[in-house]
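Next come the chains, spelled out residue by residue.
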Amino acid sequence: MLRSVGTSRNITTSRRVVAVMRLQGDLPTADKHQRRSGCALLLDAKGVLWATSLLECLTRFCFVISPTLLTNLESCTDAQPRMSATVRNPFQHIVEPLDLNDPKQQFYNLSKLGDPRYARLPFSIRVLLESAVRNCDEFLVKRSDVESILNWKQTQTQTVEVPFRPARVILQDFTGVPAVVDFAAMRDAVTKLGGDPEKINPVCPADLVIDHSIQVDFNRKSDSLHKNQDLEFDRNRERFQFLKWGSKAFKNLRIIPPGSGIVHQVNLEYLARVVFNQDGFFYPDSLVGTDSHTTMIDGLGVLGWGVGGIEAEAVMLGQPISMVLPEVVGYKLSGKPDKFITSTDIVLTVTKHLRQVGVVGKFVEFFGPGVAQLSIADRATIANMCPEYGATAAFFPVDDVSIQYLKQTVLKVCLHFCIYLGREAEKQAYITKYLKAVAMFRDYTDVAQDPDFTTVVELDLTTVVPCCSGPKRPQDRIAVSNMKTDFEACLGAKQGFKGFQVAQKHHNTVVPFHFNGSEYFLSHGSVVIAAITSCTNTSNPSVMLGAGLLAKKAIECGLSVKPYIKTSLSPGSGVVTSYLKESGVMEYLSQLGFEVVGYGCMTCIGNSGPLPVPVVEAITQGELVAAGILSGNRNFEGRVHPNTRANYLASPPLVIAYAIAGTVKIDFENEPIAVNCEGKAIFLRDIWPTREEIQAVERTFVIPSMFKEVYEKIDKVNKRWEALDAPSDKLYTWDPKSTYIKSPPFFDGLTKKLQPPKSIHDACVLLSLGDSVTTDHISPAGNIARNSSAARYLTNRGLNSRDYNSYGSRRGNDAVMARGTFANIRLFNKFINKQAPQTIHLPTGETMDVFDAAERYQQAGIPLMVLAGKEYGSGSSRDWAAKGPFLLGIMAVVAESYERIHRSNLVGMGVIPLQYLAGDTADSLGLTGRERYTIIMPEQLTPRMIVDVKLDTGKTFQARMRFDTDVELAYFRHGGILNYMIRKMS
């Protein structure tokens, strides 16, 4: 007999509790081993717990263990230790051994689902389906979720929410440090609430690669690498010590030391499994990462994408990602690229094309015979820039080329958290066998394998021409043949993405200056930074060797790079240096000034270091639009360097070409790149290597032994890291004097009892912004300006300006990061109608730094909002772009559209992302930003619901709350995802 005993919140019982079960309906008798005596508790749809005998429960009902309810019961009952029943996956019947000779190694054979819809699914959706099938427990992942994914052709446009459990998580140190800080603070919070702090521990394997801390302080010298690495360690010792503590205190967290390489290249060459073999099961490798360019791994056939640091922390703690089942755009590649075309040219072409198509929030899956023409490095380059064209993922299913890459990067590695399929030959066969068994192995030349897509777009690779992108956005592609005319047009155009608004009379300004005893001249378009940098290109041997061969030919022709240009080479791994040296081209790169300066992101993320003082003075004197040229993936305003207003993305060979030319105002087809000392005009075509030349060198010098040698010693690559001492306590001892690591205030005053969502009354607008406000604008990663709020804070703590370091390096200190929020010098605020990190304090009319204004509002108890245009939060997946506004007292943002990861981060911090209804903008609604705004939160919240926004002028408009799923609503009700996790763990 069933009897009600109350809800899980108020039940008290001294009876032995064997299991917590959810009432589902009649099902056959349970297995014999599940027949046990004792009390069973069942939870009905209304949250009422029912007590019955376990035998009656097992014979009448399907049961599912709820870990959350068990945790709640354990915290509120005096029950004896209990035994949990084993949950049987409803898809257990499709489990079978991959090899009959090894029956303990099994897999979920999706082909045995017997559903014809499976064969028509995009390959990327098949990965989501496998995860749902394997993890189906009828609680966090349900059979209905599996059905929704199988029925993708219909559900893709219905905003259907599904859970996804990635196999692992990857982090870099700029986002990893705040994640570990949050974990440490969560342990403190759980302890204060009476829970076990060791419950705050990654259950999902996580790798953290330290690659964002090194800067280009020294260049052009053979000892630049060692000097930069020493300075990196001196500046970041405290951070590194904290991370090393984290590697000891938390299970399943591995730290890859500084000096190892760039996170995404290390992931591609070393960490990627392609297929996991864990706990007796084969399953596809998949991941999420705290960097938007995590998508680079999609080029190897491993489904992955960037998420906010906050969401990644939840995944590490065992929460599935709740995602809206995406549309999948099929991108068909055909033809063969010209012999002078690089993978960079292809990806910049794809980026512009897909931006025009519109793929925000969608998967892109590549197919067609043209894919077979691309190496894994080429595919990874295209997948890497997925955030720049706006998609969630850019997937290249595994094929024979992928397997050949695994053979090239052959390794035998045992990570400390699991033994997985290494890349040794005897195990690569299992990868192929498994993927073929589940129909996830691709033959790009077989049209019969082409799945259904939401829509299909096509690129003929024969139409791709050499190109760059800029001067302010990666999607603004320019053919190299048009570079000169495009820059000249931008120079006089109205201030914007393609304009600098320089008066015509100043277009020919020339400023003389002296450097190292010689006189030089700068003008608009002069190149002052030339950096071969970023995982986008340094992971690709073809473009790196192409740059080396071009350098060789340039030196042989008597060409050079002017000494004031800040040249640098920051490879993505030690493998790059190995093949550049072995092929003999490194010496020519060095002669042109492209010495190895470090193994990290460096210039691509703004760690370009200082320019020579005479160069800065000349730029300032002439108000010049100086140029940076880099082989990176981001060129937003203020990102690369404060003194380079024009920044262009280009292939490594083109970086060298523009460095030799010394200007972007050049037509390479009709003008010589330079005149050598003999007076001979040398054209770019005279020194440009062909694809055949490059491939010949690559076949000879990019060999498996290089990968093996580099990665076998990866944990010992940095002697200072090895020698670094760190505490091993489970709770971190915070140093109140530290300016790098500080316990954040996110959990101050947190209680177990859930508080109802607060309405917003009479909020002021802190900032009124336009389109394409990036996370760099919101939370810059670069150097801390000497006149900023953050600088004043650090000065008051006893630091000199040379010790400020960067915002990125201080993301473990909320006091610095709050002051750095909206501190980008290129931020355009409509209130002040110019670029500056300032705003107007509306009650007094004073213009001041954004942080100072926010502080005044908070002292007066006035809530804040932000008004914005399209693509708010585009760019890097930067959690401090949500944490910072939260600490400033911003309770809501109203925008025309959001970048996916940033919207998720806002939700994760409990900030309301509001979106204007279709056709509405701040201008069309007549909003000046000087009004006071009130938003009443309804008692019953539903995903994507529309709410009224009332102004103190008497006007009301409607906006959509961008809580897209029920899970996101749950996070918001708890005040953010971390609060949710703490209450769950306490």
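Residues numbered from 1 in each chain as written. Predicted model: local features only at pLDDT ≥ 70, side-chain atom pairs only at ≥ 80, totals over all residues. Heavy atoms only, no water.

Engineer: Residue-level account of the environment of Val169, with values.
Structural biologist: Along the polypeptide, Val169 turns up in strand β8 (residues 168-172). Counting along the chain gives 38 residues from Val169 to Asp207, while the straight-line C-alpha distance between them is 6.5 Å. Setting aside residues up to four positions removed in sequence, Val169 forms contacts with Cys204, Pro205, Ala206, Asp207, Val288, Ala312, Val315 and Met316. (Helix = DSSP H or I, 4+ residues; strand = E, 2+ residues; numbered from the N terminus. Contact = heavy atoms within 4.5 Å.)

Engineer: Explain the pairing of strand β30 (residues 760-768) to me, and be specific about the residues and the numbers.
Structural biologist: By the criterion of burial, β30 is predominantly enclosed, with seven of the nine residues buried. As paired elements, β30 and strand β38 (residues 933-935) share two bridges and run antiparallel to each other. Within β38, the residue paired with Ala763 across the bridge is Tyr933. (Buried < 20%, exposed > 50% of the residue type's maximum accessible area, 1.4 Å probe, protein only. Pairing = 2+ DSSP bridges.)

Engineer: Now, about the pairing of strand β40 (residues 956-961): what can you tell me, with residues and values included?
Structural biologist: With three bridges joining them, strand β37 (residues 912-916) and β40 adopt antiparallel strand pairing. Opposite Leu914, over in β40, you have Met961 as the bridge partner. With five bridges joining them, strand β39 (residues 946-951) and β40 adopt antiparallel strand pairing. The partner of Val949 across the bridge, within β40, is Phe957. A loop of four residues connects β39 with β40, the two strands running antiparallel in sequence, and Gly954 in this loop sits at a positive phi of about 95°.

Engineer: Help me get a handle on helix α29 (residues 850-859), residues and values and all.
Structural biologist: Listed as buried for α29 are Val850, Phe851, Ala853, Ala854 and Tyr857. Angular distribution of buried residues about the axis of α29 spans 160°; they occupy a single face of the element. The secondary structure elements touched by the buried residues of α29 are β30, α27 (789-796), α28 (814-820), β33 (838-841), β34 (846-849) and β35 (864-867). Note on α29: the residue one or two positions beyond its end, Gly861, has a positive phi of about 75°. (Arc of directions from axis to C-beta.)

Engineer: A description of the packing of helix α6 (residues 173-192) against helix α33 (residues 977-985) should follow, citing residues and the corresponding values.
Structural biologist: When two helices pack together, their arrangement is captured by the angle between the axes and the distance separating the axes. In the contact formed by α6 and α33, the axes pass within 10 Å of each other and the chain directions differ by 45°. Accordingly, the angle class assigned to the pair α6 and α33 is oblique. Here α6 and α33 pass one another in a crossing that is right-handed. Between α6 and α33, the residues in contact are Asp182, Met186, Ala189 and Val190 and Leu978, Met981, Ile982 and Met985, respectively. Grouping the amino acids of the contact of α6 with α33 by side-chain chemistry returns seven nonpolar, no polar and one charged. (Axes fitted to C-alpha atoms, helices over the stretch in contact; angles between N-to-C directions. Parallel < 35°, antiparallel > 145°, perpendicular 65-115°, else oblique. Left-handed = near helix turned anticlockwise from the far one by under 90°. Nonpolar A, V, L, I, M, F, W, Y, C, P; charged D, E, K, R; others polar.)

Engineer: Give me the lowdown on the packing of aromatic side chains, citing residues and values where you can.
Structural biologist: Scanning all chains against the criterion turns up 31 aromatic pairs. For the pair Phe282 and Tyr434, a centre-to-centre distance of 6.3 Å together with 25° between the ring planes defines the contact as stacked. With Phe282 in strand β12 (residues 281-284) and Tyr434 in helix α14 (residues 425-437), the pair connects residues that are 152 residues apart, well separated along the chain. For the pair shown, Phe282 and Tyr434 are each scored as buried. Taking 5.6 Å as the distance between ring centres and 50° as the angle between the ring planes, the aromatic pair formed by Trp305 and Phe363 counts as tilted. Highlighted residues: Trp305 in strand β14 (residues 303-306) and Phe363 in strand β17 (residues 363-367), separated in sequence by 58 residues. (Phe/Tyr/Trp six-rings, centres within 6.5 Å; stacked < 30°, edge-to-face > 60°.)

Engineer: Can you explain unusual backbone geometry? Please cite residues and give values.
Structural biologist: With an omega dihedral of 10°, the bond running from Gly470 to Pro471 counts as a cis peptide bond. Tracing the backbone through its elements, the reader meets Pro471 in the loop between β20 (467-469) and β21 (477-479). Of note, the phi angle at Ser534 is positive, near 85°, even though the residue is not glycine. Relative to the helices and strands, Ser534 is located in the loop between β24 (527-532) and α16 (535-538).

Engineer: Which residues make up the packing of helix α17 (residues 541-556) against helix α21 (residues 652-661), and what are the values?
Structural biologist: Between α17 and α21, the least distance of the axes is 7 Å, while the angle of their chain directions is 30°. For the element pair α17 / α21, the angle class is roughly parallel. Here α17 contributes Val543, Met544, Gly546, Ala547, Leu550, Ala551 and Ala554 to the contact with α21, which in turn contributes Pro652, Pro653, Ile656, Ala657 and Ile660. Counted by class, the contact of α17 with α21 contains eleven nonpolar, one polar and no charged residues.

Engineer: Lay out the side chain of Asn643 with the relevant residues and their values.
Structural biologist: Counting through the fold element by element, Asn643 comes out in the loop between β26 (627-630) and β27 (646-649). With sequence-adjacent residues up to four places away left out, Asn643 is seen in contact with Leu611, Val616, Ile619, Thr620 and Ala626.

Engineer: Describe the pattern of salt bridges, naming the residues involved and giving the relevant values.
Structural biologist: Enumeration over the complete set of coordinates arrives at 40 salt bridges. For Asp285, the salt bridge identified is with Arg168, shortest N-O distance 2.9 Å. Residue Asp285 is found in the loop between β12 and β13 (286-289), and its partner Arg168 is found in strand β8; the two are separated by 117 residues along the sequence. The buried category is assigned to Arg168, whose relative accessible area is 0%. Through salt bridges with shared partners, a single ionic network connects Arg903, Arg944, Arg962, Asp964 and Glu968. (Salt bridge = Lys/Arg side-chain N within 4 Å of Asp/Glu carboxyl O.)

Engineer: Give a description of the sheet that holds strand β16 (residues 328-334) that names residues and reports values.
Structural biologist: Spatially, β18-β17-β16-β19 is the arrangement adopted by the four strands of the open sheet, whose pairing is parallel. One side of each edge strand has no neighbouring strand; the edge strands of this open sheet are β18 (393-395) and β19 (455-460). Adjacent strand axes in the sheet meet at a mean angle of 25°, parallel and antiparallel pairs treated alike. Relative to β17, β16 runs parallel, the two being bridged by five bridges. The residue of β17 that forms the bridge with Val328 is Phe363. Against the sheet, helix α3 (residues 123-134) makes contact with β16, β17 and β18, and its axis sits at roughly 125° relative to β17, the strand it touches most.

Engineer: Tell me about the sheet that holds β37, and please be specific about residues and values.
Structural biologist: Read once around its circumference, the closed barrel built from seven strands follows the order β30-β35-β36-β37-β40-β39-β38, with strand pairing classed as mixed. Each adjacent strand pair in this sheet contributes to an overall mean axis angle of 40°, direction not counted. This element, α29, spans β30 and β35 of the sheet and lies at about 170° to β30.

Engineer: Describe the confidence of the model for the protein chain, and please don't skip the residues or the numbers.
Structural biologist: Of the residues in the protein chain, 89% reach a pLDDT of 70 or more, and the chain-wide mean stands at 88. Confidence drops under a pLDDT of 50 for residues 1-86, and excluding neighbours within four residues, the segment shows 161 contacts in the predicted structure. Across residues 411-423, where pLDDT falls below 50, the model places 51 contacts with residues more than four positions away in sequence or in other chains. (pLDDT = per-residue confidence, 0-100.)

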